[in-house]
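Given next are the chains, with one letter for each unit.
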Amino acid sequence: MYEKIQETTAYLKTRIKTQPEIGIILGSGLGNLGNQIEVEVAIPYGEIPNFPVSTVKGHSGQLIFGKLGGKNVIALQGRFHYYEGYSMQEVTFPVRIMQAFKVELLIISNAAGGMNPDFKVGDIMLINDHINMFPDSPLMGPNDDRLGVRFPDMSEVYSKELILKAHKIAKANNIFLHEGVYAGTSGPTFETPAEYKYFRAAGGDTVGMSTVPEAIVARHAGIACFGTSIVTDLGIANQVEKVSHDEVLIAAKAAEPKLTTIITELLKSL
Ligand code: HPA
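Residues numbered from 1 in each chain as written. Predicted model: local features only at pLDDT ≥ 70, side-chain atom pairs only at ≥ 80, totals over all residues. Heavy atoms only, no water.

Novice: Outline the site of the ligand, supporting the account with residue identities and numerical values.
Specialist: Looking at the ligand, the residues that line it are A111, A112, G113, F190, E191, Y196, V207, G208, M209, T232, D233 and V248. Between the ligand and G113 there is a distance of 3.2 Å, counted from a nitrogen atom to a backbone nitrogen or oxygen. In the environment of the ligand, an oxygen atom lies 2.8 Å from a nitrogen or oxygen atom belonging to the side chain of Y196. When the free accessible area of the ligand is taken as 260 Å², the share hidden by the protein chains comes to 96%. Taking a 2 Å distance to the grid points as the criterion, the majority of the atoms of the ligand fall inside the largest pocket. Residue assignment for the shell around the ligand shows that the elements contributing at least two residues are β5 (105-114), β8 (206-208) and β9 (224-234). Ranked by the residues each element gives to the shell around the ligand, the list is headed by β5, at 3 residues. Split by residue class, the shell around the ligand holds 7 nonpolar, 3 polar and 2 charged. (Near = heavy atom within 4 Å. Polar contact = N/O pair within 3.5 Å; in protein donor to acceptor, adjacent residues only side chain to side chain. Areas by Shrake-Rupley, 256 points an atom, 1.4 Å probe, with all protein chains shown as cover. 1 Å grid on protein atoms, 1.4 Å probe; cavity = no way out; pocket = protein on both sides within 12 Å on 5 of 7 lines; lining within 4 Å. Sits in = over half its atoms within 2 Å of the grid points. Helix = DSSP H or I, 4+ residues; strand = E, 2+ residues; numbered from the N terminus. Nonpolar A, V, L, I, M, F, W, Y, C, P; charged D, E, K, R; others polar.)

Novice: Kindly report on the layout of surface pockets, identifying the contributing residues and their values.
Specialist: A water-sized probe, rolled over the atoms, reveals where empty space remains. The computed volume of the largest pocket comes to approximately 330 Å³. S28, A111, F190, M209 and H245 are, among the 24 residues lining the largest pocket, the residues nearest its centre. The set of elements that each furnish at least two residues to the lining of the largest pocket consists of β5, β8, β9 and α7 (245-269). Examining the composition of the lining of the largest pocket, we find that 4 residues originate from one element, β5, more than from any other. (Points joined across faces, edges and corners; volume = space filled by probe spheres on them.)

Novice: A description of the packing of helix α4 (residues 160-172) against α7 should follow, citing residues and the corresponding values.
Specialist: Relative orientation of the contacting elements α4 and α7 amounts to 120°, with a least axis distance of 10 Å. Comparing their axes, α7 and α4 come out oblique. The two elements α4 and α7 cross, and the hand of that crossing is right-handed. Facing L162, K165, A166 and I169 of α4, the residues of α7 in contact are T261, I262, E265, L266 and S269. A breakdown of the residues in the contact of α4 with α7 according to their chemical character gives 5 nonpolar, 2 polar and 2 charged. (Axes fitted to C-alpha atoms, helices over the stretch in contact; angles between N-to-C directions. Parallel < 35°, antiparallel > 145°, perpendicular 65-115°, else oblique. Left-handed = near helix turned anticlockwise from the far one by under 90°. Contact = heavy atoms within 4.5 Å.)

Novice: Can you break down unusual backbone geometry residue by residue, with the values?
Specialist: A cis amide bond links G187 with the next residue in sequence, P188, at an omega value of 0°. Mapped onto the elements, P188 comes out in the loop between β7 (177-184) and α5 (193-202). We note that N50 has phi near 75°; this positive angle belongs to a residue other than glycine. On the secondary structure map, N50 appears in the loop between β2 (38-44) and β3 (62-68). On the basis of relative accessible area, N50 is assigned to the partly exposed category, the value being 31%. Look at T211: it is not a glycine, yet its phi comes out positive at around 65°. For T211, a relative accessible area of 0% translates into the label buried. (Buried < 20%, exposed > 50% of the residue type's maximum accessible area, 1.4 Å probe, protein only.)

Take it as geometry only, folks, not as evidence of what the structure does.
As structure tokens, this is what we get:
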């Protein structure tokens, strides 16, 4: 994998003039946050050596280099999900590229089901911790010491300092935020009522099918994380409702302006 990372990074370096400082992964329905980026170059995944190709509706599939909030960013518009059949290493390959570019911070967004009874559709939650409920880890197998340590510390996956900053930004902009734990599962099924109950009992506030592998690799790489969930549907006690991918995309889109403000202002403050 190390050689593949070098090859891909060398190719990308031929396409850009400015080195990215911050990585961003735009989740379901949040692709338009990418439109706020002053684009230097947007490269379709198909053109990038060793990159997987995204297959899900709502994920347009390009790697954007540009400026957001005055910072040089590298943004994934469309992520790779485990349920698409990619290995954990493929899902997280873009984070390894960000590592090769020496980004210091990874901003991760997702659409998720709300399990905390205080949550409503359209709410935003700052992720302060996660639970890996995937049947796998991107760090399984022999460890490459050039990429990180064998047993990475996970005591502060999501930067407390940035969470504090985001709360201040939200307050100043009249945006209501929750904070809580994201439970990451493989999907592709949405949860049964019993599974929502189980993930809630385990300590999850939101549940979704991404983010955890990316955050694990970021921490392995020594990259700080800032993560957000947009609550797109609810799996709460006895009021579990039917959920569809289209509804998830619509709810995520509605919350997008608030999230755009928080992330842009956060970048400006760094
Ligand atoms: N469960 C899992 N993934 C999701 C959900 C959910 O309820 N909503 C959006 N992504």
